[in-house]
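Take a look at the letters that make up each chain.
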Amino acid sequence: MPLDYRAAVLHAPRTPLAVERVVAGELPRDGVLVRIKAAGLCHTDLEVIEGGLRYPMPIVLGHEAAGIVEAAGAEARGVAVGDHVILSWNPHCGHCFYCDRDLPILCETYLAHGPKALAFDGGTRVRRADGGGLGQLMFLGAFAEYALVAAEQAIPVPKEMPFDRASLIGCGVMTGVGAALNVAAIGYGDTVMVIGCGAVGLSAVQGARLAGAGEIIAVDLDPAKLDLAGRVGATMGLDARRDDVVAAARRAGGGRGADVVIEAAGSPASFRLSVEAVRPGGEVIWLGKTDVDSEVPFRWGALMAEKRIRRSSYGGARPARDFPMLARAYLDGRLKLDELITRRIGLDEINDGFAALKAGAAVRSVIVF
Ligand SMILES: [Zn+2]
Ligand SMILES: [Zn+2]
């Protein structure tokens, strides 16, 4: 008897998600069945809903989740039934051009099958109750009671880690903390600016603190988010509408600008601001995204002085190494995650949750099962 369960399905861009019963496929020999316990509403899901990121429909969204392994295939390695796991959306083959160059985020199998909403092996793991096809976002489809994923996507973490906070590590926290710890070269005492204080930006603030930054300047348009940034480690908060952000970066950075700027707002204005605020020779990390077809203008003079600009998708994630480390940092009190959860909701409230995210009224809404 195939397993059927409830999932939030997007049938077309700019329409509400429909919570409906779907049917699981076969458990692959190298796969695991995960009972989802918590799933965060990330901005990337919203971009798919809004049509800024194009995927085949219908599709089960959700890619930031934690749960319990309920079944494991005979060849599933590194994870066992009963394990509490955080899910990774970046499986990689380990032997392609990019995997050989230590860039799993560009793995050719990952990039070939991800945009088609397929499983990592090119198959499908879920279908509609009437037998129709159904994709899963980013090899997960985690706005659902269950997900069938590759074993390497399910990373065991300590059982005392609460699921709602664990789920955030799977995308937003990994992306933000990882940008500071894995991607940027933050030196002890450096001046770091973080533009945008959603879940990713608040995590980047914490990554900068863990990396030993001196001044950590948070920039946002919302005083409540700047207040949160202060609670997780920012030493200064700037309102991008009211304050002269570039002048403040120069002052804090010895007249030159910030050593590192991490952009986590995802607007043309914030991309432009990031290269103005960094010092000559400094480093800009872009985490935010805007519509894939939009143009982003820059002032050429701001780019002249040997600045390094990197776009990063997942904070240089090595999930098997980083997820347990981040969970341990939370349990030891060094990583603050309670502050990132604005509210906990049921699966049926998912459309309200995305409305709040779009309105900027929530850092993270987390679906709890
Ligand atoms: Zn995400
Ligand atoms: Zn590969």
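Everything below is about the structure printed above this text.
Residues numbered from 1 in each chain as written. Chains lettered and ligands numbered in written order. Predicted model: local features only at pLDDT ≥ 70, side-chain atom pairs only at ≥ 80, totals over all residues. Heavy atoms only, no water.

Peer 1: Go over the overall build of the chain with me, naming the residues and quoting the values.
Peer 2: Secondary structure summary: the chain contains 10 helices and 18 strands in total. Taking 21 Å as the expected radius of gyration for a compact globule of 369 residues, we find that the chain reaches 20 Å, a close match to that expectation. Taking the principal axes of its C-alpha atoms as reference, the chain extends roughly 70 × 40 × 40 Å. Split into buried and exposed, the 369 residues of the chain put 55% on the buried side. Sequence-distant contacts in the chain: of pairs separated by 6 or more residues, those separated by 24 or more amount to 69%. (Helix = DSSP H or I, 4+ residues; strand = E, 2+ residues; numbered from the N terminus. Rg over C-alpha atoms; globule rule 2.2 N^0.38 Å. Buried < 20%, exposed > 50% of the residue type's maximum accessible area, 1.4 Å probe, protein only. Contact = heavy atoms within 4.5 Å.)

Peer 1: Let's hear about the coordination of the zinc ion (ligand 2): which residues, and what values?
Peer 2: Coordination of the zinc ion (ligand 2) by the protein involves Cys 93 (SG), Cys 96 (SG), Cys 99 (SG) and Cys 107 (SG), with metal-donor separations of 2.4 Å. Bound by 4 donor atoms, the zinc ion (ligand 2) shows angles of 104 to 118 degrees at the metal and therefore tetrahedral coordination geometry. Judged by relative accessible area, which is 12%, Cys 99 ranks as buried. Since its relative accessible area comes to 0%, Cys 107 is described here as buried. (Donors = N, O, S within 2.8 Å, 3.2 Å for Na, K, Ca; no water. Tetrahedral: all angles 85-135°; square planar, octahedral: opposite > 155°, others 65-115°.)

Peer 1: Please set out the pattern of salt bridges residue by residue, giving values where relevant.
Peer 2: This structure, assessed with the given rule, holds 24 salt bridges. Put simply, Glu 47 and Lys 289 hold a salt bridge, and the shortest N to O gap is 3.5 Å. Separated by 242 residues along the polypeptide, Glu 47 in helix 1 (residues 43–50) and Lys 289 in the loop between strand 15 (278–286) and strand 16 (308–311) bring together distant segments of the chain. On the basis of relative accessible area, Lys 289 is assigned to the partly exposed category, the value being 30%. (Salt bridge = Lys/Arg side-chain N within 4 Å of Asp/Glu carboxyl O.)

Peer 1: Tell me about the layout of surface pockets, residues and numbers included.
Peer 2: Counted as a void, the second largest pocket has a volume near 230 Å³. What lines the second largest pocket is a set of 18 residues, among which His 92, Glu 152, Ile 155, Pro 319 and Ala 320 lie closest to the centre. When residues in the lining of the second largest pocket are grouped by element, the largest group, 3 residues, is from strand 10 (residues 154–156). (1 Å grid on protein atoms, 1.4 Å probe; cavity = no way out; pocket = protein on both sides within 12 Å on 5 of 7 lines; lining within 4 Å. Points joined across faces, edges and corners; volume = space filled by probe spheres on them.)

Peer 1: Quick rundown of helix 10 (residues 350–358)? Include the residues and the values.
Peer 2: The α-helix advances 3.6 residues per turn, and as a result positions three or four apart in sequence lie on the same side. Residues of helix 10 that are buried include every one of Ile 350, Gly 353, Phe 354, Ala 356 and Leu 357, and no others. An end-on view of helix 10 places all buried positions within 155 degrees of arc, on one side of the element. Residues of helix 10 that are buried in the fold lie against strand 1 (4–10), strand 2 (18–24), helix 1, strand 17 (341–345) and strand 18 (364–368). Just downstream of helix 10, Gly 360 is the residue with a positive phi angle, here 75 degrees. (Arc of directions from axis to C-beta.)

Peer 1: Run through the packing of helix 4 (residues 163–183) against helix 5 (residues 199–210), naming residues and quoting values.
Peer 2: Between helix 4 and helix 5, whose axes approach to 7 Å, the crossing angle comes to 35 degrees. As helix 4 runs across helix 5, the sense of the crossing is right-handed. Contact with helix 4, carried on its side by Gly 172, Val 173, Thr 175, Gly 176, Val 177, Ala 180 and Leu 181, involves Ala 199, Val 200, Ser 203, Ala 204, Gly 207, Ala 208 and Leu 210 of helix 5 and no other residues of that element. Of the residues that constitute the contact of helix 4 with helix 5, the class distribution is 9 nonpolar, 5 polar and no charged. (Axes fitted to C-alpha atoms, helices over the stretch in contact; angles between N-to-C directions. Left-handed = near helix turned anticlockwise from the far one by under 90°. Nonpolar A, V, L, I, M, F, W, Y, C, P; charged D, E, K, R; others polar.)

Peer 1: Now, about the nonpolar core: what can you tell me, with residues and values included?
Peer 2: Ranked by size, the top nonpolar core spans 97 residues in total, and within it Phe 143 and Ile 262 carry the most contacts. Tallying contributions element by element places helix 4 first for this core, with 11 residues. One finds Val 219, Val 245, Ala 249 and Ala 277 within the second-largest nonpolar core, a separate group that totals 19 residues. (Core = buried A, V, L, I, M, F, W, Y, C linked by side-chain atoms within 4.5 Å.)

Peer 1: Provide a residue-level description of unusual backbone geometry, including the pertinent values.
Peer 2: Of note, the amide linkage connecting Met 57 to Pro 58 takes the cis form, showing an omega dihedral of -5 degrees. The phi angle at Arg 14 is positive, at roughly 60 degrees, despite the residue not being glycine. One non-glycine residue, Met 138, lies in positive phi territory at about 50 degrees. With respect to the helices, strands and loops of the structure, Met 138 is situated in the loop between strand 8 (135–136) and strand 9 (146–150).

Peer 1: Please provide a residue-by-residue account of empty space enclosed by the protein, values included.
Peer 2: On inspection of all chains with the given rule, the structure shows 1 cavity of 30 Å³ or more. Around the largest cavity, the lining is made up of 13 residues, and of these Tyr 5, Val 126, Leu 140, Gly 141 and Tyr 146 lie nearest the centre. Of all elements in the fold, only strand 1 and strand 9 reach the threshold of two or more residues within the lining of the largest cavity. If one sorts the elements of the lining of the largest cavity by residue count, strand 9 sits on top with 3 residues. For the lining of the largest cavity, a count of residues per class yields 10 nonpolar, 2 polar and 1 charged.

Peer 1: Break down the coordination of the zinc ion (ligand 1) for me, citing the residues and quoting the values.
Peer 2: At the metal site, the zinc ion (ligand 1) is ligated by Cys 42 (SG), His 63 (NE2) and Cys 171 (SG), and these contacts range over 2.0 to 2.2 Å. Mapped onto the sequence, the residues coordinating the zinc ion (ligand 1) show the spacing C-x20-H-x107-C. In this pair, Cys 42 sits in the loop between strand 3 (31–40) and helix 1 while Cys 171 sits in helix 4, placing the two residues 129 residues apart along the sequence. Each of the two residues, Cys 42 as well as Cys 171, counts as buried.

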